[in-house]
Every structure is written in C-alpha cells, then in structure tokens.
Amino acid sequence: MSDAGADAVQYQRTGAAALLTIDRQHRRNAVDGNTAAALHEAYLRFEADEAARVLVLTGAGGVSFCAGADLKATDTFLERLMAAEGPMGFTRLTPSKPTIAAISGFCLAGGLELALWCDLRIATETSTFGYPERRWGVPLIDGGTQRLPRIVGLGRALDLILTGRMIGAPEAFSMGLLTEVVAPGAHLERALALAEGLARFPQRTMLADRRAAIEGLGLPLPEGLALEAAAGPEVFEEGARGAARFAAGEGRAGAGAGA
C-alpha cells in the first residue's frame, strides 16, 4: 500500500472475504488522488489472493459509505482522469470474483459509483443515495452513467442522473439499486455473512455463471447463449459431482439454498 494513501484505506482478511475499508471520516470518506491509488493497490491485492473469494467494500464510521471524490482535492485527480483503472481507484476494471458493498449513511456521487461497481449492495435503512454533484457540473466518470441503467433500467437511472436528487434506502431498494436493506449497524455483519455464503458454493461454476452474466449483458441473445454454453465443458465435472450429491439425498426441499 502506498504511504500516501495507506492511512485512508484498510485491507484485512476476514474469513473468506477481503474487507476493504475507506477511512477518511473527516471528509465523509470522500476519496482524493492518494486514496484512489491505495484503493487500486488493494484491489490488485484481492485479485492476487486466491484464498480471498469475495471483496467487501465499506466505509469507516457508519456516517458515510463514501461521499464521492473529495472536491477540495480535485487537483489530485488530474493525472487519474484517463487512468485505465478509473479515477476512483478501480471503477474501470472488472473483478474476477464477487464483490459486495456494505453501505451505511451517505453513498453519493463517486461513492455511489463505487457501490454500483460491486455485484451486490447491502445498505442500512437510513442510507442515502444520489448524484448531487449535478449541482456543480461535476461529470460522472467512474461508471455511473453505464452501471446504473444496467441495474435499475434507463428511465429510473436518468431520473437520478439528470435531477441529482437524493433518495433513501426504501426507494433505492424498490427500484432494484439495493440487494438488501438492514437495520442500522447491521450492514457489515450481513455483507460478511453473505460473503461466507458465496464462498461455500462450488467456485468454478459460480464464477463461470457470474462471468457469463456480466460479459453477456448487451450482447444479442444468440451470442449471449453461446458465451454461456462455452463455459459448460469447463465446469461440467464440478456440476456432475454436485448433481450426484443431490441424487444421493443432499439438499432436498431446497435445504442449503441461498447465501
């Protein structure tokens, strides 16, 4: 971890999860250039760690997941604007393993873009979401214009993108932006439990299905089906072993389903 951003980004292993925490509470966990560089380093560390099966991204303190880019330090982002990995650290990269955002409080601007980068989003019922930087003419450059429509649909996405209005967790959940809404303070515990659940599944088939869903999005249906089918021979042996366990009586009546 680079010295400049090390204090602002904490990386720790918790069971099968890599827990990545943004800790700039004096700035509501807003990200400056050094913090973004540290986030990228932490992402690479996760990708290189075979035992870390899921990344859980959160913000320290409970008041804010991430309030976006630090607008008092915009000069520190100048050299990152066209970075291959993305200005906020890793938003232009696609991880090879599942990711979960554990959200409490403000999840705004680039912070919302970081949350949308994750596969799943767990948030407390008091959390707030939106792109309020619309007021200042700050553009969305960390995937916000691309991932939000893919998750909630174009109409709902344009509502948030164009108006810059902020919404609470109930509305965010109703439009499909959130995976789950939990009680205040329960977001991280639930995200880590979900990570352990995902880690218990046979990994090759789960990762193949995840990859097909992500890479197939936007393709014509025949191409998407071909992409899905291509992974079949690679993971058939693992699937056959699982089918044999079911045939022997394991998992009947849905036992063990869900994470």
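Residue numbers restart at each chain and count upward from 1, following the sequence in its written direction. Whole-chain, interface and lining totals are the exception, using all residues; otherwise, since this is a predicted model, local features are given only for residues with pLDDT of at least 70 and side-chain atom pairs are given and counted only at 80 or more. Only hydrogens and water are set aside; all other atoms, that is, all heavy atoms of the structure, feed into the side-chain values.

## Topic: the nonpolar core
Line of reasoning, step 1. Grouped together as the largest cluster of nonpolar side chains are 44 residues, with contacts concentrated most on Leu20, Phe65, Ile103, Phe129, Leu148 and Leu177.
Line of reasoning, step 2. When residues in this core are grouped by element, the largest group, 6 residues, is from helix 2 (residues 33-48).
Line of reasoning, step 3. Residues enter a nonpolar core if they are buried and are Ala, Val, Leu, Ile, Met, Phe, Trp, Tyr or Cys, with the set joined through side-chain atoms within 4.5 Å. Partly exposed residues are those whose accessible area sits between 20% and 50% of the maximum for their type, while under 20% is buried and over 50% is exposed, using a 1.4 Å probe and protein chains only. Counting 14 residues, the second largest nonpolar core, distinct from the first, contains Val54, Ile122, Val182 and Leu198. Under the scheme used here, helices are H or I runs from DSSP no shorter than 4 residues and strands are E runs no shorter than 2 residues, and both carry numbers assigned from the N terminus.

## Points about the environment of Arg134
Line of reasoning, step 1. You can see Arg134 is positioned in the loop between strand 8 (128-130) and helix 4 (144-152).
Line of reasoning, step 2. Residue class for Arg134 comes out partly exposed when judged on its relative accessible area of 33%.
Line of reasoning, step 3. For the pair Arg134 and Gly176, spaced 42 residues apart in the sequence, the C-alpha separation amounts to 22 Å.
Line of reasoning, step 4. Between two residues, a contact is recorded if the distance between any of their heavy atoms is within 4.5 Å. Excluding residues that lie within four positions of it along the chain, Arg134 makes contacts with Ile161, Leu162, Thr163 and Gly164.

## Things to note about the side chain of Thr91
Line of reasoning, step 1. Within the secondary structure, Thr91 sits in the loop between strand 4 (64-66) and strand 5 (99-103).
Line of reasoning, step 2. For Thr91, a relative accessible area of 2% translates into the label buried.
Line of reasoning, step 3. In this structure the side chain of Thr91 is engaged in a polar contact, spanning 2.4 Å, whose partner is the side chain of Asp142.
Line of reasoning, step 4. Those residues in contact with Thr91 that lie beyond four places of it in its chain are Glu85, Gly86, Leu114, Trp117, Asp142 and Arg147. By the criterion applied in these results, polar contacts are pairs of N or O atoms within 3.5 Å in which, for protein atoms, one can donate a hydrogen and the other can accept it, and in which residues neighboring in sequence qualify only through two side-chain atoms.

## Looking at the sheet that holds strand 3 (residues 54-59)
Line of reasoning, step 1. Two strands pair under a simple rule: DSSP has to find at least two bridges between them. In space, the 6 strands of this open sheet follow the order 1-2-3-5-7-10, with mixed pairing throughout. Lying at the two open borders of the sheet, with one neighbouring strand each, are strand 1 (9-14) and strand 10 (180-182). Across the sheet, the mean angle separating the axes of adjacent strands is 20° when strand polarity is ignored.
Line of reasoning, step 2. Sheet topology places strand 1 next to strand 2 (residues 17-22); 6 bridges connect them, and they run antiparallel. Residue pairing across strands places Gln10 opposite Thr21, the latter belonging to strand 2.
Line of reasoning, step 3. Here an axis means a line fitted to C-alpha atoms, over the contact stretch when the element is a helix, while the angle between two N-to-C directions is reported on a 0 to 180 degree scale. Where helix 2 meets the sheet, it contacts strand 1, strand 2 and strand 3, and its direction lies at approximately 20° from that of strand 1.

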